[in-house]
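Coordinate analysis (summary)
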Amino acid sequence: MEVIITSDYEEMSRISAELIAQEIRYKHDIVLGLATGDTPVGTYQELIRIHKEEGLDFSKITSFNLDEYVGLPPLHPNSYNYFMKENLFNHVNVNPANIYVPQGHIEDPEHFCFWYEAQIQKAGGIDLQVLGIGRDGHIGFNEPGSSFASRTRIKALYKETIEDNARFFSHQDDVPRFAVTMGVGTILEARKILLIANGEKKADIVAEFIEGPVTSQITATALQLSKSATVVLDQEAASKLKRTEYYNWVRDNKHLVQKKVGR
Ligand code: PGA
């Protein structure tokens, strides 16, 4: 796992957007896995800027979002369908036919989850999965105890998640108790993973998932099993890591290795 520690939210957003942009430039028809929440908003803003000012082309990409609340229709202002339109899709040249966000307002959730997984397979699998992390260590809505083999399914939300997400709703009781989420197994199959985290409130869980043992009690620890995972943090989120000196040295010197192997 590569750990990149940046100075603040702005730099974290700039670096993660640049990593995503590089992948899009390299593979125009890339399949992206996308996340919602406060963390990626700055990254999406920077991607919009790169699209507008540098012509980054989204026309051939396909994207699959991680999750959606059960019970919220796609036009609901707290739905993740709405979030993605507001924060990214309405501002870049994506083809709406290639955009997949789980539907939470559905008659047959089981059938939907099966269908969603099939669409990911049909698209050739996810090339780059973008993730945030919850205070309980979740990726997507894979709450503590989620199997590392899990696929897209309905998951009951954990107490901390409901508390954290209550800020978007007028009352805590309005926060949906269930979500449709890609599984940990779905996420782990992505060819590359980029997790971003900022703020002091994430410092404990960031240290645990990067430097602690692999456990389904903290589903982000599954990234330790990924073939290619990069974590971009701001100073505050990185403040409880023990090996920062090493991560910073690698970041500053990795060109030496790349040169040696002739890449
Ligand atoms: P946040 O959520 O970006 O709003 O902190 C992250 C998550 O719950 O995955």
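Residues numbered from 1 in each chain as written. Predicted model: local features only at pLDDT ≥ 70, side-chain atom pairs only at ≥ 80, totals over all residues. Heavy atoms only, no water.

Regarding the pattern of salt bridges
Tallied over the full model, the rule gives 17 salt bridges. Ionic pairing is found between Glu46 and Arg49, a salt bridge with its closest N-O pair at 3.0 Å. Here the residue Glu46 and the residue Arg49 both occupy positions in helix 2 (residues 41-54), the gap between them amounting to three residues, near one helical turn. For Glu46, a relative accessible area of 15% gives the class buried. Taking relative accessible area as the criterion, Arg49 reaches 29% and is therefore assigned partly exposed. Note that Arg135 is salt-bridged to Asp164, the shortest N-O span being 2.8 Å. Here Arg135 is found in the loop between strand 6 (128-131) and strand 7 (153-156), whereas its partner Asp164 is found in helix 5 (residues 159-165), with 29 residues between them in sequence. Given the relative accessible area of 30%, Arg135 is considered partly exposed. (Salt bridge = Lys/Arg side-chain N within 4 Å of Asp/Glu carboxyl O. Helix = DSSP H or I, 4+ residues; strand = E, 2+ residues; numbered from the N terminus. Buried < 20%, exposed > 50% of the residue type's maximum accessible area, 1.4 Å probe, protein only.)

Remarks on a nonpolar patch on the surface
Judged by side-chain polarity, Val70, Ile154 and Phe178 come together as a nonpolar surface patch covering roughly 220 Å² of accessible area. Relative to the helices and strands, Phe178 resides in strand 8 (residues 178-181). (Patch = residues over 30% accessible without salt bridge, like charges linked within 9 Å, V, L, I, M, F, W, Y side chains within 5 Å. Areas by Shrake-Rupley, 256 points an atom, 1.4 Å probe, with all protein chains shown as cover.)

Looking at the sheet that holds strand 3 (residues 62-65)
On the basis of which strands lie adjacent, the open sheet formed by seven strands has the order 1-10-9-6-2-3-5 and parallel pairing. Looking at which strands have only one partner, the edges of the open sheet turn out to be strand 1 (2-5) and strand 5 (99-100). The sheet contact formed by strand 9 (residues 192-197) and strand 10 (residues 229-233) spans five bridges and is parallel. Bridge pairing in strand 10 links Leu195 to Val231. (Pairing = 2+ DSSP bridges.)

Let's talk about the layout of surface pockets
The volume enclosed by the largest pocket comes to roughly 600 Å³. Lining the largest pocket we find 33 residues, and of these Thr36, Gly37, Asp38, Asn165 and Arg167 sit closest to its centre. Within the residue set of the lining of the largest pocket, elements represented by two or more residues are strand 4 (67-69), helix 3 (80-87) and helix 5. With four residues, the top contributor of residues to the lining of the largest pocket is helix 5. Class assignment for the residues of the lining of the largest pocket results in 12 nonpolar, 12 polar and nine charged. In this model, the second largest pocket occupies a volume close to 420 Å³. Contributing to the lining of the second largest pocket are 20 residues, with Glu2, Leu19, Ser228, Thr230 and Lys254 lying nearest its centre. (1 Å grid on protein atoms, 1.4 Å probe; cavity = no way out; pocket = protein on both sides within 12 Å on 5 of 7 lines; lining within 4 Å. Points joined across faces, edges and corners; volume = space filled by probe spheres on them. Nonpolar A, V, L, I, M, F, W, Y, C, P; charged D, E, K, R; others polar.)

Looking at the packing of aromatic side chains
One pass over the full model with this rule turns up 10 aromatic pairs. Geometrically, the ring pair formed by Tyr69 and Tyr80 is tilted, given 4.9 Å between the ring centres and 40° between the ring planes. Of the two residues, Tyr69 sits in strand 4 while Tyr80 sits in helix 3, which places them 11 residues apart along the sequence. The class for Tyr69 is buried, based on a relative accessible area of 1%. Of the residues examined, Tyr80 reaches a relative accessible area of 11% and is grouped as buried. Between Tyr69 and Phe141 the ring centres are 5.7 Å apart and the planes differ by 40°, which places this aromatic pair in the tilted class. Here Tyr69 is found in strand 4, whereas its partner Phe141 is found in the loop between strand 6 and strand 7, with 72 residues between them in sequence. (Phe/Tyr/Trp six-rings, centres within 6.5 Å; stacked < 30°, edge-to-face > 60°.)

Concerning the site of the ligand
For the ligand, the full set of nearby residues is Gly37, Asp38, Thr39, Gly132, Ile133, Gly134, His138, Arg167 and Lys202. In this structure, Thr39 approaches the ligand through a side-chain N or O atom, which is 2.4 Å from an oxygen atom. Lys202 places a polar side-chain atom, nitrogen or oxygen, 2.7 Å from an oxygen atom of the ligand. In this structure, the ligand is accommodated by the largest pocket. Counted by class, the shell around the ligand contains one nonpolar, five polar and three charged residues. (Near = heavy atom within 4 Å. Polar contact = N/O pair within 3.5 Å; in protein donor to acceptor, adjacent residues only side chain to side chain. Sits in = over half its atoms within 2 Å of the grid points.)

Regarding the pairing of strand 2 (residues 31-34)
Residue alternation in strand 2 divides its side chains into two sets, Val31 and Gly33 and Leu32 and Leu34, and both sets are buried. You can see the chain leave strand 2, run along helix 2 and come back into strand 3, and the turn it takes is right-handed. Inspection of the sheet shows strand 2 paired to strand 6 by two bridges, in the parallel sense. Across the sheet, residue Leu32 finds its bridge partner in strand 6, namely Leu128. (Right-handed = clockwise from strand over helix to strand, strands pointing away.)

Regarding the packing of helix 2 against helix 3
Between helix 2 and helix 3, whose axes approach to 10 Å, the crossing angle comes to 40°. The orientation of helix 2 with respect to helix 3, classified from their angle, is oblique. Here Val41, Tyr44 and Ile48 of helix 2 lie close against helix 3, whose contacting residues are Phe83, Met84 and Asn87. A breakdown of the residues in the contact of helix 2 with helix 3 according to their chemical character gives five nonpolar, one polar and no charged. (Axes fitted to C-alpha atoms, helices over the stretch in contact; angles between N-to-C directions. Parallel < 35°, antiparallel > 145°, perpendicular 65-115°, else oblique. Contact = heavy atoms within 4.5 Å.)

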